[in-house]
Amino acid sequence: MNSEWFLNVENVLFTGAMVAYLVSMVLYFVFFAMKNEKAGKIAGWVIAAGFVLHTAALLVRGIGAGRLPLTNQYEFATSFAWGICLCFLIFLWRFRFQALGAFVTPVIFLVIGYAAMQSREVRSLMPALRSNWLAIHVSTAIISYGAFGVSFAVSLMFLIRRKMEGHSFWEIHVPDEKKLDLISYRAVSLGFLFLTFVIVTGAIWAERAWGSYWAWDPKETWSLITWIIYAMYLHLRISRGWKGKAAAVFAVIGFVCVIFTYIGVNTFIPSIHSYA
């Protein structure tokens, strides 16, 4: 089987996943707008099917390329969307509330839509990427960003929920503010742990590739800024009991920094990380 065959199969699987995410997003909106509980249940199954197709697309990409599919703009963007979906499904299974999907699926669809606009050409790796640290560094980034994506969605729900008090549908399907705050905190904690691994493994990898642990490259700098924002969130929460609206706003700002670190830096600022 040649590389073109793998690319064609991947395109079919990727398109199927993207369509499934779009359909699940629409169904979740129907669930909320029309208070249709059946639509919410179907949406959960559709996004799970999309995740399976997405996983298959990544596997086919990796087999066809003969390496991990984590080395360029397209591959990281599609893996980023996959990571958000994975973390969403984990939190959905753990906390059992479908309403979260209405806030997460738009984020997943926007990220995978960004991936769809990138070149899918399979290229040989540049020397700096031919390292065993690649898998650890980029995989931890995917989980980290995925967890932060969930915390962003939950924090938006927190900020909106107070305005929806008295609406029976929200009271039934959306957890109270205390539980939303706890879920966001756990998602941030997971993301922060993996972001720390991202920075540490990136520094080790940089020393091996370029002879320096830290070069103040724009992506390194913005990763550090993002880490500091979430570190402040956790510090203020643990030491001063920061909860509620202020914590939710912090989580939203943190994810905006995550998006800028990935898309903004790649688009607007020259960087040695511009390949991903």
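Let me begin by describing the structure that accompanies this report.

Conventions and cut-offs
- Residues numbered from 1 in each chain as written.
- Predicted model: local features only at pLDDT ≥ 70, side-chain atom pairs only at ≥ 80, totals over all residues.
- Heavy atoms only, no water.
- Helix = DSSP H or I, 4+ residues; strand = E, 2+ residues; numbered from the N terminus.
- Rg over C-alpha atoms; globule rule 2.2 N^0.38 Å.
- Areas by Shrake-Rupley, 256 points an atom, 1.4 Å probe, with all protein chains shown as cover.
- Axes fitted to C-alpha atoms, helices over the stretch in contact; angles between N-to-C directions.
- Parallel < 35°, antiparallel > 145°, perpendicular 65-115°, else oblique.
- Left-handed = near helix turned anticlockwise from the far one by under 90°.
- Contact = heavy atoms within 4.5 Å.
- Nonpolar A, V, L, I, M, F, W, Y, C, P; charged D, E, K, R; others polar.
- Salt bridge = Lys/Arg side-chain N within 4 Å of Asp/Glu carboxyl O.
- Buried < 20%, exposed > 50% of the residue type's maximum accessible area, 1.4 Å probe, protein only.
- Polar contact = N/O pair within 3.5 Å; in protein donor to acceptor, adjacent residues only side chain to side chain.
- Phe/Tyr/Trp six-rings, centres within 6.5 Å; stacked < 30°, edge-to-face > 60°.

The helix and strand inventory of the protein stands at nine helices and zero strands. Helices (α) and strands (β) of the protein occur, in sequence order from the N terminus, as α-α-α-α-α-α-α-α-α. On C-alpha atoms alone, the protein measures out to a radius of gyration of 19 Å, which is about the 19 Å that the 2.2 N^0.38 rule sets for 276 residues. Each principal axis of the C-alpha distribution contributes one length, and for the protein these read about 60 × 50 × 30 Å. In the form shown here, the protein has an accessible surface area of approximately 13000 Å², with 68% of it arising from carbon and sulfur atoms.

Once that is clear, we can look at the packing of helix α1 (residues 3-33) against helix α3 (residues 73-95). At a closest axis distance of 13 Å, the pairing of α1 and α3 adopts a crossing angle of 45 degrees. Regarding the angle of α1 to α3, the classification is oblique. Taken as a pair, α1 and α3 cross one another with a handedness that is left-handed. Listed contacts from α3 to Glu 10, Phe 14, Tyr 21 and Tyr 28 of α1 are Tyr 74, Thr 78, Cys 85 and Phe 88. Among the residues making up the contact of α1 with α3, the classes are represented as six nonpolar, one polar and one charged.

Right, let's talk about the pattern of salt bridges for a bit. Under the defined criterion, the tally for this structure stands at four salt bridges. Of the charged contacts, one joins Glu 75 and Arg 67 as a salt bridge, the two residues approaching to 3.0 Å between their closest N and O atoms. For the pair shown, Glu 75 and Arg 67 are each scored as buried. Note that Arg 237 and Asp 181 form a salt bridge whose closest N and O atoms lie 2.6 Å from each other.

Inspection of the secondary structure assignment puts Ser 184 in helix α7 (residues 177-210). Residue classification places Ser 184 among the buried residues on the basis of a relative accessible area of 4%. Reaching out from Ser 184, the side chain makes a polar contact with the side chain of Ser 155 at a distance of 3.0 Å. Beyond its immediate sequence surroundings of up to four residues, Ser 184 is in contact with Ser 151, Val 154, Ser 155, Tyr 233 and Ala 251.

Two descriptors summarise a pair of aromatic rings, namely the distance from one centre to the other and the angle between the planes of the rings. In this structure the tally under the stated criterion is 15 aromatic pairs. Relative to Phe 95, the ring of Phe 91 has its centre 5.9 Å away and its plane inclined at 20 degrees; by these criteria the two rings are stacked. Taken together, the positions of Phe 91 and Phe 95, both in helix α3 and four residues apart, correspond to about one turn of that helix. Both residues of the pair, Phe 91 and Phe 95, count as buried.

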